[in-house]
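Analysis of the macromolecular model
Here are the chains, one letter per residue:
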Amino acid sequence: MQKDKFDRIISFLLGASWAIVIFGALITFKLFLFLGFSLALFTTVVFIVISFFLILGLDSFAINRQKLEEAKKQTELLEKIYSQQIT
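Below, the structure is looked at part by part.

Cut-off values and rules
- Residue positions are given per chain, counted from 1 along the sequence in the order it is written.
- In keeping with the predicted nature of the model, local features appear solely for residues at pLDDT of at least 70, side-chain atom pairs appear and are counted solely at 80 or more, and the whole-chain, interface and lining totals rest on all residues.
- Only hydrogens and water are set aside when side-chain values are computed; all heavy atoms of the structure are taken into account.
- Runs of H or I in DSSP of at least four residues are treated as helices and runs of E of at least two as strands, each being numbered from the N terminus.
- Take the number of residues in a helix, subtract one, and multiply by 1.5 Å to get its expected span.
- The classification of residues rests on relative accessible area computed with a 1.4 Å probe and restricted to protein chains. Under 20% of the type maximum is buried, over 50% is exposed, and intermediate values are partly exposed.
- Residues count as neighbours in contact if any of their non-hydrogen atoms are within 4.5 Å of one another.
- Salt bridge, as applied in this entry: a Lys or Arg side-chain nitrogen positioned within 4 Å of an Asp or Glu carboxyl oxygen.
- Here, axes are lines fitted to C-alpha atoms. For helices the fit covers the stretch in contact, and angles between N-to-C directions go from 0 to 180 degrees.
- Throughout, the term roughly parallel applies to angles under 35 degrees, roughly antiparallel to angles over 145, roughly perpendicular to angles from 65 to 115, and oblique to all others.
- Nonpolar residues are Ala, Val, Leu, Ile, Met, Phe, Trp, Tyr, Cys and Pro. Charged residues are Asp, Glu, Lys and Arg, and all others, Gly as well, are polar.
- Each Phe, Tyr or Trp ring (for Trp, its six-membered ring) is paired with any other whose centre lies within 6.5 Å, and the angle between the two planes then decides the class: stacked below 30 degrees, edge-to-face above 60, tilted in between.

**Quick notes on helix α1 (residues 5-32)**
Structural remark: α-helix, 3.6 residues per turn; residues separated by three or four positions point the same way. For α1, which comprises 28 residues, the first-to-last C-alpha distance of 39 Å matches the rise-based estimate of 40 Å (1.5 Å per residue) to within 8%. Along α1, the positions that sit buried rather than exposed are I10, L14, S17, V21, G24, A25 and T28. Considering only its buried residues, α1 is in contact with α2 (37-86).

**Quick word on the pattern of salt bridges**
The full count for this structure, using the stated rule, is 3 salt bridges. Where D4 meets R65, a salt bridge forms, and the shortest distance between an N and an O atom there is 2.2 Å. With D4 in the segment before α1 and R65 in helix α2, this residue pair connects regions lying 61 residues apart in the sequence. A relative accessible area of 24% means that R65 is categorised as partly exposed.

**Quick look at the packing of α1 against α2**
The interhelical angle for the contact between α1 and α2, taken along N-to-C directions, is 175 degrees, at an axis separation of 8 Å. Between α1 and α2, the angle is such that the two are roughly antiparallel. When its residues are assigned to classes, the contact of α1 with α2 shows 20 nonpolar, 6 polar and 3 charged.

**Let's talk about the packing of aromatic side chains**
Using the criterion set out here, one finds 2 aromatic pairs in the structure. Between W18 and F52 the ring centres are 5.6 Å apart and the planes differ by 55 degrees, which places this aromatic pair in the tilted class. One end of the pair, W18, is in helix α1; the other, F52, is in helix α2, with 34 residues separating them in the sequence. Under the relative-accessibility criterion, F52 is labelled partly exposed at 36%.

Now the structure itself:
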């Protein structure tokens, strides 16, 4: 199955986002560790939760794109059926 540019960009961004979550959580934890373990852990969890919402946003773009493509296919089929019934 061929992917168009939009799908490739979304796939790349999703992969990059997961890498940012993993490395960003580690960096965030180490950055705030001097203020205390509990504050560093809390900040890291907040960072991860925000990142997950952004990943869900990207994933919803991809899902909505797929829904749009399926709706276009269904509309085309329905128009063919309708035109055959008229003639």
